[in-house]
Structure formats: structure tokens, C-alpha cells
Amino acid sequence: MNSRLSKSVVICFLFMLVSAYAQLDVSQKPVIQNFAPETYQAHHQNWDICQDHRGILYFGNDAGIVEFDGSFWKLIELPNKTAVYAIHQSPDQRLYVGGAGEMGYVAPDTLGVMRYISLNDKLAESNAVLGDSVFQVQATADGAVFLTDRILAIYNDGKFNLLESEDHFFGAIGLQDQLFIIEGTHGLSRLVGEKLETVPGGQYIRANVCFPFQQDKIIIITTNREILLFDPVAFTADDGESTISTLKHIRPERRSSLPYDVTCGTWIDSSHFALGSIRNGCLIYNIQGDQVFQINTSDGLLSDDIYGILRDANGHLWLSTNQGISFIRLPYVGENVKTSGEDSLSQTTVPFNAIIRSCENTINDSLLFGGAFYKDVDGIPVLQQTDKIFPVIPYQYNALRFTFSSTELGDFGNIEYQTFLDGFDRRWSRWNQETRRDYTNIPEGNYTFRVRAKKSNGQISDEAEFSFQVLPPWYREWWAYTIYGILAVILILLLGYFQRKRLILKAEEEKEQALIEAENQRRKEEMEKARDLQLSMLPTNMPKVEGLDIAAHMKTATEVGGDYYDCSVAEDGSILLTIGDATGHGINAGMVVTSIKSLFFSSAAETEGINFYDHSNATIDEIFNGELLMALQLVRIKDSQLTLITAGMPPAYYYHAKSNQVEEVFVKAMPLGIFPEFPYEEKKFTLEPGDTLLLASDGLAELFNSKEEMFGYDQVRDAFSQIATKTSQEIIDSLLETADVFRQDVPNDDDLTFLVIKKL
């Protein structure tokens, strides 16, 4: 674990504050259930945990955000598959997320699918913040607070306010409409405006962990392994009381010393709290400072390294560990756990609901609903279907699949479900543990799918509903039958006419078909010859040159074009590389390519670049009299010097590794074969390690899709800038994949040719 992540595991864990009507039963052992990476299909290392207002869990994972609703796991990835270290739900039920160089939030899209939305563009003026890892997120009524090692970033009303630490930040916690910060210079402080106000006696506090306790207090685990109890109410009263009333040791006579390295914590009930540790698993203490449980790998945990801990709405614990996710069912007196209540920032009651997780059309494999309703009621998102998520389904797509779950996360394997499609089913289904229901051949009409869940103790949840409409088939309308009659009369009249006409046309068609087949065969043979000629112009292998990574590729079009690339080694050891595009198609293009290939091998290696272009320009003009042209780029590399000459080709793209910038190298110059005395120019570059040059024909930039949209030269540059650090072959493969994704089923009508040179 790196130094920044080490600091991330000592943040304040602020989750749901609850009032417990049951007390922990220390006479019974907790029950453990583990979830390995193979189960949730993500990285083995997990960090933070959050439970939203619906009861769904979210885990910060090295691969992104892992979502769990009690039945289904789902991975929500961030840009570049960034790791997520911190998650917190705001009072308006928005889920804020922090990770490696990322600040943002998760929200449903118009189909109800949870998506990550980055806020990094709001921080464009602060590259220092964008480069840091966010190790804690604290959502407050005044905005979301993202905490990095050096910066406290407060996001509100679409913009960030930044506060820089004089030393570094340990963590933050919100309670009683206040935000408390633990910082290396000021110690335990309160954020007032954009300044830190040190709590009396808090100037010496450096805390690994802090978390709410008994709704209105904070437990602090210091770097000296002391357990302190902080009372924000006494602090804000400012009545002259001594420091001990706001900041004191749990057990003064022992100085509350812990024998473990603690990473996280949460309170359990009015008398107990739980701590996560490194190498010692989960530790449960009473308020007197006595350890009542130690739960580790010997008890069945996946790992003794605990990075995150959450007391869920049912009073049980979830652990983010170094090897997966663990659930601990805590024993309560009478096992009658009831939780409710709210703090100054968020409502934390999670009712026992059934949840519809998706609605899919099984005929065309389309998603109608992704599992997260999003409707504003007085400015608050609630679990309610919106008008935008009310599908009207054509009759030919009248087959649907519903998947569902429940917010009861502590009764694994025992939850049963009933479903009822109002307007289709006659009665509720039998109780069973299936979490999917399929419907086929649904008649036209308005429907509401309803589902409810039942715990093992017989408690039945609130219902979840999803409404939709199936349109009638067109052939059942009255006007359709009128058309049927008219068409029948017309068909009888036309049948006799077409029968006579068919016999006459048949003889003509057979004759014409024979001519077409002969012409198609002739064209096919010519195209095959042209394609073979085109491919024969290309080198079998690119040269292996020490210090350089060179790759080239040409993907031919459906109609043979005139793209060409080649390579040669001069007597002075310099490397010559060229790429070109001849006008026309078929044999004509092949003739031009043959000419330029002969000129390249006969004179390019022994002739200066400009002289070679002048000679080739005059030769092509003389041979083809200006009717056929050749666009060409020539690269000469000697030691670390690269010289580029271009004639009528698209821009080259040069990636400067040192500045991480892509330069568009565009030279206005006519193709070879039209102006014999055109003055061509050289562009020179000094190759630095990691520098990469991309040369490409116009095949990708002028590629069209089914919407007749052109890919464009700016998109070529942008695509290259994202992959410029890869190997030359990987760059070419990525560009070809980009072309296939863009054009979809539309065939490319021009060759796609690339030449990539990378300095190692």
C-alpha cells in the first residue's frame, strides 16, 4: 500500500447515523459471510463503503465502484478505470466519489442506469489537485468536500473552493451542521468559512480515525493510539467550560491506549463501537474501552487488513478488506434490531423495500429501465418512476424480463419474492427465491409490474412498481381490413397481366443475366490483379532498428485503392520510411505506386530528400502527363534526427513525450506529378525517448458511417493523443479498432494505412 493510500485508510468514516433499539449481545459470536473477488467480479482490494437511501451498498474498489443490492453485483467504472478510495451520500441523495485523480458523483441517467459523472473539468485551473488522490469525501448541507493530502476542495453550486493545508490533511467529519477537520498544523479544527478554527485542546490532535458516536459525539483514534471522545455541542456552546468537556479520553486512567494500528471505525449502539485494523481484523469495544470481540481470519474473515467499515441499516457490519468483502452479522439481545433516526446532514432510515433492478426487452435486447428511479420532489430525488421512464412498446417487442432484489442485506439466501403483472396475471405468483421474471406475448394494453419481498421471519416489504404500455398490432385496426379488401381486388386484376408479362421478361432477363455475369467475372479478375499488385508493393517486414519501434499496416478497401508504404536503409545507416496515396483505383493506382516504388529504391537512399522529391515529381508528370498523381511523405532518420518531407498528404502527428502534447504537422504542398518545379520543404525533429510520429493516409479521417458523418482530422489527432504512449503496433491496432467502431457496418471505401515511428 503506497504512502497516499496509507493515509487514505486513516480518514474519518462518516456513514449513516442511527438510533438502535437493541444492544449488542456479547455472549454470542458474530456470524461471518465473505464475498471473494470472483463473486463481485472486480479487484481484490476494497476501500470505502457507503449505503444509499434505498439500502444499496457501494464499495470503493481498485477497479471502480462495486454496487450490491443483496442479489446482484455491478461494477461502475471511472475514466481510465481509476481506483475509488472514498464514497459518501449527500443530504440530497447524490453519491459523491473520490479516487486516483478523480472527483465526481454517481447518478442515474434517463434510463435509470447509475453512471459516474466527473467533476474534474471544474478544476481545470488546478492541475495540482487533479494529480492527487482523493482519500475522503464528506457530503454536507453546504456542499461536497473532497480531501487530498494537501487540498480540501469544497464543491457547491457547480464550482470548487480550495483550501490548502500548511502541512497535510488527516481527515474530515461532518456533525451537527459543522465540518471538523484534522490537519497537520492546526490539529482538530472546525471549518469556518475558508479558515480553520482550532478546537480547544485540539491543537495537538493528529488522528488516524474518527467517526460519529451516539448521534452527537465523535470518537477519535489518534496517531498515538489513544481513544478520545469529542463533544461538538459543548464546543459550540462556548460557555467557558474546560477542554475536558469537549475532548477527553474514553478511559483516562489508561489513557485509552490501543494495541493495534486502526484504519477505520463505526459505532454500533449506544454502548459499542467497531474498529478496523491492519493485520488484526475487526475489533469491537464497549464505551468503557474494553475489547469485547476480535474478529479475524481465524474466525473466517478473508483478510486481517481492514480498510473500510460500515454499520448498515440493519445494524450489521460490512468490511472492505485487502482480499475482498466481508459481512458480519452481529448478535443483538433478542435479535430484534430496529434502526431509525437522522443526523444533521442526511436521513438514514432504510425501509424494507423490494427493488426493481432492470426491465429488458428480450426480443431486441434493449434496456428499458436500469434500476434507479430519479424524480425530484421538492428538490429531492426519490424512488419513483418518472415520465421519461414510461416505455411505450411496439407490439412486435412484447416480451419483457424483470430482475429484482430487496433492501434486506442481512438475510442472505432466505429472501422470497412475489410478482404480479397488473393487467396480465390473475393473481400473485407463489413465493420463491427467483430474482427474475419473464413475460412473452403480452397483449396490447397498459400494465404495471409489481414485486414484493418476504424475510425469513415473515415480514413483507413495501412493493416496487414499474408501469408500461404495449401498443396494438397494426393489422388489428379497422382500416387494415379495408386495405386487405382493396389489395385483394387489385391482386386479381394484376395477376393475369403479370403472368403474361413474366413469360416475356424471363427470356430477356436470362440473356441480360449472362452478360452481367460475364462482366462481373471480368471485373473480379481485374480487381484481384490490382489487389495483388497493390499488396506486392509493400515490404514484408519493417526494419528492426535499435532504439526505434517501427510499425506499419494497410487495411485495403472493398475497391482497390492506391495506398502505399515502404522502407529502406541507406549506406550511411539512416532509415528511410515512406507512405503515400495514389489517385484513382484499380490498375491505374497500381501503375502510379509501381513507379514511385521504383523511384524510391533507385534514388531515395542515395539522394537528398528534396532532390528525390524534385526528381520524382518530374518523372511522374512526364509518365502520366498530370492525369495521375501521387501524394507522398518521406521520413529520414539518422541517429536522433528525423527529417520529414510531404507532398499532398494529410497532416502528420508528432507526440512529444516530455510535454505530453501532440503536434499537428501540416505542410501545404502539391502531390507529385502536377507541378514539376514545386518547392518542397523539410521539417526536422530531434527524437527524444517516448516521442512518436504518426503518418496516415486520408482513409481514417475521411471515413463515413451510416449517418453520413465523416470521422475528421481532429478526431484522428484526439484518438492518437490518447494512445500515443503505447507501442507502435498497439497504436495501429487501436486506430483500426476506432475505425471499425465508428463505421459500424458501413464498408470502408478507401484504404486505411498507418506508419508509426516511436523513439525508445
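You'll find the structure just up there.
Nothing here was measured: the structure is a model prediction, and the numbers come from that model.

Caption draft 1: Expanded view of the nonpolar core. The biggest cluster of nonpolar side chains holds 52 residues, and the ones touching the most others in it are Leu-577, Tyr-613, Val-635 and Ile-637. In this view, Val-635 contacts Ile-575, Leu-576, Leu-577, Leu-642, Thr-643, Leu-644, Leu-693, Leu-695 and Ile-757; residues no more than four positions away in its chain are not counted. By size, the runner-up hydrophobic cluster in this structure holds 26 residues, among which are Phe-352, Cys-359, Val-451 and Val-470.

Caption draft 2: Representation of helix α9 (residues 728–743) within the structure. An ideal rise of 1.5 Å per residue puts 22 Å on 16 residues; α9 measures up with 23 Å between its terminal C-alpha atoms. Inspection of α9 places Ser-728, Ile-731, Ile-732, Ser-734, Leu-735, Leu-736, Ala-739, Phe-742 and Arg-743 among the buried residues, and these make up the whole buried set. Residues of α9 that are buried sit in contact with β41 (548–555), β49 (692–696), α8 (713–723) and β50 (752–759). Gln-744 occupies a position one or two residues after α9 and carries a positive phi of about 55°.

Caption draft 3: Summary view of the environment of Phe-704. Relative to the helices and strands, Phe-704 is located in the loop between β49 and α8. Linking Phe-704 and Ala-739, residues 35 residues apart in sequence, is a C-alpha distance of 9.5 Å. Excluding anything up to four places from it in sequence, Phe-704 contacts Glu-709, Met-710, Phe-742, Arg-743 and Val-746.

Caption draft 4: Fine view of the pairing of β41. With respect to burial, β41 is a largely interior element, 6 of its 8 residues being buried. Inspection of the sheet shows β41 paired to β50 by 8 bridges, in the antiparallel sense. Bridge pairing links Met-554 to Thr-753 in β50.

Caption draft 5: Representation of a negative patch on the surface. Taken together, the side chains of Glu-508, Glu-509, Glu-510 and Glu-512 present a region of like negative charge at the surface. Within the secondary structure layout, Glu-509 lies in helix α5 (residues 478–536).

Caption draft 6: Summary view of the sheet that holds β50. Reading across the sheet, the 5 strands line up as β41-β50-β49-β46-β47 and stay open at both edges, with antiparallel pairing between neighbours. Edge positions in the sheet fall to β41 and β47 (661–665), since each of these pairs with one other strand and no more. Taken pair by pair, the neighbouring strands of this sheet meet at an average axis angle of 15°, ignoring direction. Where strand β46 (residues 652–656) lies against β47, 5 bridges are found, and the strand directions are antiparallel.

Caption draft 7: Here's a closer look at the sheet that holds strand β15 (residues 169–175). The 4 strands lie next to each other as β15-β16-β17-β18, forming an open sheet whose pairing is antiparallel. Each edge of the sheet is formed by a strand with only one pairing partner; in this case those strands are β15 and β18 (195–198). Across the sheet, the mean angle from the axis of one strand to that of its neighbour is 35°, orientation sign disregarded. Two elements, strand β17 (residues 187–192) and β18, share 4 bridges in a ladder whose sense is antiparallel. When the bridges of β18 are listed, Leu-191 appears paired with Leu-196.

Caption draft 8: Quick look at the packing of α8 against α9. Between α8 and α9, whose axes approach to 10 Å, the crossing angle comes to 140°. By the angle class used here, α8 and α9 are oblique. Where α8 crosses over α9, the two elements pack in a sense that is right-handed. Here α8 contributes Ala-719, Phe-720 and Ile-723 to the contact with α9, which in turn contributes Ile-731, Ser-734 and Leu-735.

Caption draft 9: Layout of unusual backbone geometry. Phi angles above zero are rare outside glycine, and Gln-41 is one such case at about 55°. By the secondary structure assignment, Gln-41 is in the loop between α2 (37–40) and β3 (46–51). For Gln-41, a relative accessible area of 58% corresponds to the exposed category. One non-glycine residue, Asp-639, lies in positive phi territory at about 55°. Considering the arrangement of structural elements, one finds Asp-639 in the loop between β44 (630–638) and β45 (641–647). Given a relative accessible area of 67%, Asp-639 falls into the exposed group.

Caption draft 10: Broad picture of the pairing of strand β8 (residues 95–99). Most of β8 is tucked away: 5 of the 5 residues are buried. Residues Leu-95, Val-97 and Gly-99 point to one face of β8 and Tyr-96 and Gly-98 to the other, with burial holding for every one of them. With 5 bridges connecting them, strand β7 (residues 84–89) and β8 associate as antiparallel partners. Bridge assignment links Gln-89 to a residue of β8, and that residue is Leu-95. The turn linking β7 back onto β8 is made up of 5 residues, and Gln-93 within it adopts a positive phi angle of 70°. Inspection of the sheet shows β8 paired to strand β9 (residues 102–108) by 5 bridges, in the antiparallel sense.

Caption draft 11: Quick peek at the pattern of salt bridges. The full count for this structure, using the stated rule, is 23 salt bridges. Residue Asp-261 pairs with Arg-225 through a salt bridge whose shortest N-O separation is 2.5 Å. Of this pair, Asp-261 sits in the loop between β22 (247–249) and β23 (262–269) while Arg-225 sits in the loop between β20 (217–222) and β21 (227–230), and the two are 36 residues apart along the sequence. A residue is classified by how much of its surface remains accessible, and Asp-261, at 31% relative accessible area, is partly exposed. Using a relative accessible area of 29% as the deciding quantity, one classes Arg-225 as partly exposed. Linking Asp-425 and Arg-437 is a salt bridge whose minimum nitrogen-to-oxygen distance equals 3.9 Å. Here the residue Asp-425 occupies a position in the loop between β37 (416–422) and β38 (436–439), and Arg-437 occupies one in strand β38, the gap between them amounting to 12 residues. Of the residues examined, Asp-425 reaches a relative accessible area of 17% and is grouped as buried. Classification of Arg-437 as partly exposed rests on a relative accessible area of 25%. One connected set of salt bridges, linked through shared partners, spans Glu-67, Asp-69 and Arg-357.

Definitions and limits used
- Residues numbered from 1 in each chain as written.
- Predicted model: local features only at pLDDT ≥ 70, side-chain atom pairs only at ≥ 80, totals over all residues.
- Heavy atoms only, no water.
- Core = buried A, V, L, I, M, F, W, Y, C linked by side-chain atoms within 4.5 Å.
- Buried < 20%, exposed > 50% of the residue type's maximum accessible area, 1.4 Å probe, protein only.
- Contact = heavy atoms within 4.5 Å.
- Helix = DSSP H or I, 4+ residues; strand = E, 2+ residues; numbered from the N terminus.
- Expected span 1.5 Å × (residues − 1).
- Pairing = 2+ DSSP bridges.
- Patch = residues over 30% accessible without salt bridge, like charges linked within 9 Å, V, L, I, M, F, W, Y side chains within 5 Å.
- Areas by Shrake-Rupley, 256 points an atom, 1.4 Å probe, with all protein chains shown as cover.
- Salt bridge = Lys/Arg side-chain N within 4 Å of Asp/Glu carboxyl O.
- Lys, Arg positive; Asp, Glu negative; His and termini not counted.
- Charge placed at Lys NZ, Arg CZ, Asp CG, Glu CD.
- Axes fitted to C-alpha atoms, helices over the stretch in contact; angles between N-to-C directions.
- Parallel < 35°, antiparallel > 145°, perpendicular 65-115°, else oblique.
- Left-handed = near helix turned anticlockwise from the far one by under 90°.

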